[in-house]
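Chain and residue survey
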Amino acid sequence: MTVIIDRDNPKKLYVQLLEILKGKIERGEWAVDSQIPTEDDLCKMYEVSKATVRQAVAELERTGYLLKQQGRGTFVCKRVIPEGLSMLTSFRELMLEAKVVFSTRVLAQTVLMPTDDLDLKLNIPEDIHVIYLKRLRVVDDEPILLQESYLPYHICPQLLQDDLEQNSLLEILENKYQIRITKVQEFIEVAPVSGDEGNLLGLQPGTPALLLEQRFFAGTREIMYTRSLKRPERFRFFIERERKT
Amino acid sequence: MPDQEKQVREIMIDVFEFPHVPYWFTLRQVSGILKKSIHGGKCLRPAAALIFDEKYNLLGHLDIQDILQYIGNVTLSGEKARQDILASSDAETTHLLSELSEKPVSSFLHPSRLFADPEDLVSKAAELMLGNSLPILPVLENQKKLVGIVRSIEIFEYLSAAFFRA
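What you see is a predicted model, and the numbers here were worked out from it, not measured in a lab. (Residues numbered from 1 in each chain as written. Chains lettered and ligands numbered in written order. Predicted model: local features only at pLDDT ≥ 70, side-chain atom pairs only at ≥ 80, totals over all residues.)

1. What about the confidence of the model for chain A?
Residue-level pLDDT values for chain A average 84, and 84% of them are 70 or greater. Across residues 79-87 of chain A, confidence stays below pLDDT 50; counting only partners more than four residues off in sequence or on other chains, it has 11 contacts. (pLDDT = per-residue confidence, 0-100. Contact = placed C-beta atoms within 7 Å.)

2. Some thoughts on the sheet that holds strand β4 (residues 130-139) of chain A
Where strands meet in a sheet, backbone hydrogen bonds hold them as pairs that are either parallel or antiparallel. All names here are of chain A. Spatially, β3-β4-β5-β8-β7-β6 is the arrangement adopted by the 6 strands of the open sheet, whose pairing is antiparallel. Strands at the two margins of the open sheet, each flanked by one partner only, are β3 (102-112) and β6 (183-192). Averaged over neighbouring strand pairs, the angle between their axes works out to 15° when direction is ignored. Alignment of strand β7 (residues 208-218) against strand β8 (residues 221-230), held across 9 bridges, turns out to be antiparallel. Across the sheet, the residue bridging to L212 is S228, located in β8. (Pairing = 2+ DSSP bridges. Helix = DSSP H or I, 4+ residues; strand = E, 2+ residues; numbered from the N terminus. Axes fitted to C-alpha atoms, helices over the stretch in contact; angles between N-to-C directions.)

3. Details of helix α7 (residues 152-165) of chain B
Note that an α-helix has 3.6 residues per turn; residues three or four places apart therefore point the same way. With 14 residues, α7 of chain B extends 21 Å between its outermost C-alpha atoms, agreeing within 8% with the 20 Å of an ideal straight helix rising 1.5 Å per residue. Within α7 of chain B, burial applies to E154, I155 and Y158 of chain B. (Expected span 1.5 Å × (residues − 1). Buried ≥ 20, exposed ≤ 12 C-beta atoms within 10 Å, placed from the backbone.)

4. Things to note about the sheet that holds strand β4 (residues 110-111) of chain B
All names here are of chain B. Taken in spatial order, the 4 strands line up as β1-β2-β3-β4 in an open sheet, and their pairing is mixed. Pairing within the sheet leaves two strands with one partner each, and these edge strands are β1 (20-22) and β4. Relative to strand β3 (residues 58-63), strand β2 (residues 48-52) runs antiparallel, the two sharing 5 bridges. Across the sheet, I51 pairs through a bridge with G60, a residue of β3. Of the strands in this sheet, β1, β2 and β3 touch helix α2 (residues 27-39), which is tilted by about 135° from β2.

5. Section: the nonpolar core
V21, V30, A49, A125 and V150 of chain B are the most contacted members of the largest nonpolar core, which totals 50 residues. Ranked by residue count, the leading element in this core is β2 of chain B, at 5 residues. With residues near it in sequence (within four places) discarded, A49 of chain B still touches F18, P19, V21, V30, I33, L34, H61 and L62 of chain B. Counting 16 residues, the second-largest nonpolar core is a separate cluster that includes L18, W30, L66 and C77 of chain A. (Core = buried A, V, L, I, M, F, W, Y, C linked by C-beta atoms within 7 Å.)

6. Some details on the pairing of strand β2 (residues 73-76) of chain A
Two faces belong to every sheet, and in a regular strand the side chains alternate between them. Residues and elements named next belong to chain A. In this structure, strand β1 (residues 66-69) lies alongside β2, joined through 4 bridges in antiparallel fashion. Bridge pairing in β2 places L66 opposite V76. The antiparallel pairing of β1 with β2 creates a hairpin that spans 3 residues between the two strands, and G71 there sits at a positive phi of about 80°.

7. Things to note about the domain arrangement of chain A
Residue and element names in this part refer to chain A. If you check the domain split of chain A, you get domain 1 (13-76) and domain 2 (86-234). The centre of domain 1, based on its C-alpha atoms, is set 31 Å off from the matching centre of domain 2. At the junction of the two partners, domain 1 supplies 7 residues and domain 2 supplies 7 residues. No other element matches the 3 residues that helix α3 (residues 50-62) contributes to the side of domain 1 that touches domain 2. Across the side of domain 1 that touches domain 2, the residue classes break down as 2 nonpolar, 2 polar and 3 charged. (Domains from an automatic or database assignment. Nonpolar A, V, L, I, M, F, W, Y, C, P; charged D, E, K, R; others polar.)

8. Some words on the interface of chain A and chain B
With 12 residues of chain A at the interface, the matching set in chain B holds 17 residues. Each residue belonging to the side of chain A that touches chain B can be placed in one class, and the counts come to 6 nonpolar, 4 polar and 2 charged.

9. Points about unusual backbone geometry
The phi angle of most residues is negative, glycine excepted, and most peptide bonds adopt the trans form. The phi angle at D116 of chain A is positive, at roughly 50°, despite the residue not being glycine. Taking the C-beta count within 10 Å as the criterion, D116 of chain A has 9 such neighbours and is therefore assigned exposed. Of note, Q143 of chain B is a non-glycine position whose phi angle comes to about 60°, a positive value. Position of Q143 of chain B relative to the elements: it lies in the loop between β5 (136-141) and β6 (145-151).

Next comes the structure, spelled out in structure tokens:
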């Protein structure tokens, strides 16, 4: 069945087309690694202009659903990950699952320029504006996790207005901005907390804490770098390995 | 003055033309950001950084003239001659400069106290800027949201147009 574009729908044409194409990928109608129809074919199929098709395809590429290969065409991306994979479980989901009383305090939600090696960690030019989020996670009235996140400003400028005390950042990225995280690189080490970090976490400066650095990707594009300091006695990492037969 | 006077929104520039920094960044970090901006060829005049708080409220700005002034206060004080000091590497100056570089920009910024509205006439913005010797004037929508910046350059271009019509 071909879903058609509804021109009376207040949604922009490219958004409607994007939703149709995304549905095809998510339902498996367009298999991973398969080539999608050409621009001309999509224009004919949905009776829209090339500009509309380009905008929808570019957005799907940006959010990791599609991958353009020069001279070959556009393909459904291998990196699409099924819903609910544990690596993308947000703090909020974890806490709800554990049925503990938790809260998030947003300590900063502002914009800055990359300094030190942040441009390398985010894989961006050094003159790009970056959204900076600093959140303190509190469980049973005890601060347990201090999280600093950095995202290129231009990918989701409205994030500065979003309520991050009540909502999960990962959910907002996926549901509101259609930025689908498809890969996370994690680096774990033990690091001493600074004076400021110690004050916030209720630890003496220099106390060892678990430092988790994460780089989030949508397709091939890096979306966010996060640095989390965790009180070591409150966390346990669980890693499961399974051989694919 | 032109017959149909323009509104501020027509001449203001995008705030993202300027580097943004939070108030806790050090003078060294901000100097590094301004240097990159200058070397990258994207730097506007005045070469300034906008300083924000944790909630992305504009607190003020800092430009390279200010930074030079503070460096000058450390290195060019007393009776020492400028050329001697700039060539000097004495331990005390090095120590003072190191201390200065690690101070937060909140200690140095020009606080933003005067603002324009996007719908203000350019002459009103010009009056504010000229009357208060402001190199830049932030533009706030609904007295809250920062939407642009007016610089002396925009005011100059607008007002000096009269020379060529005379």
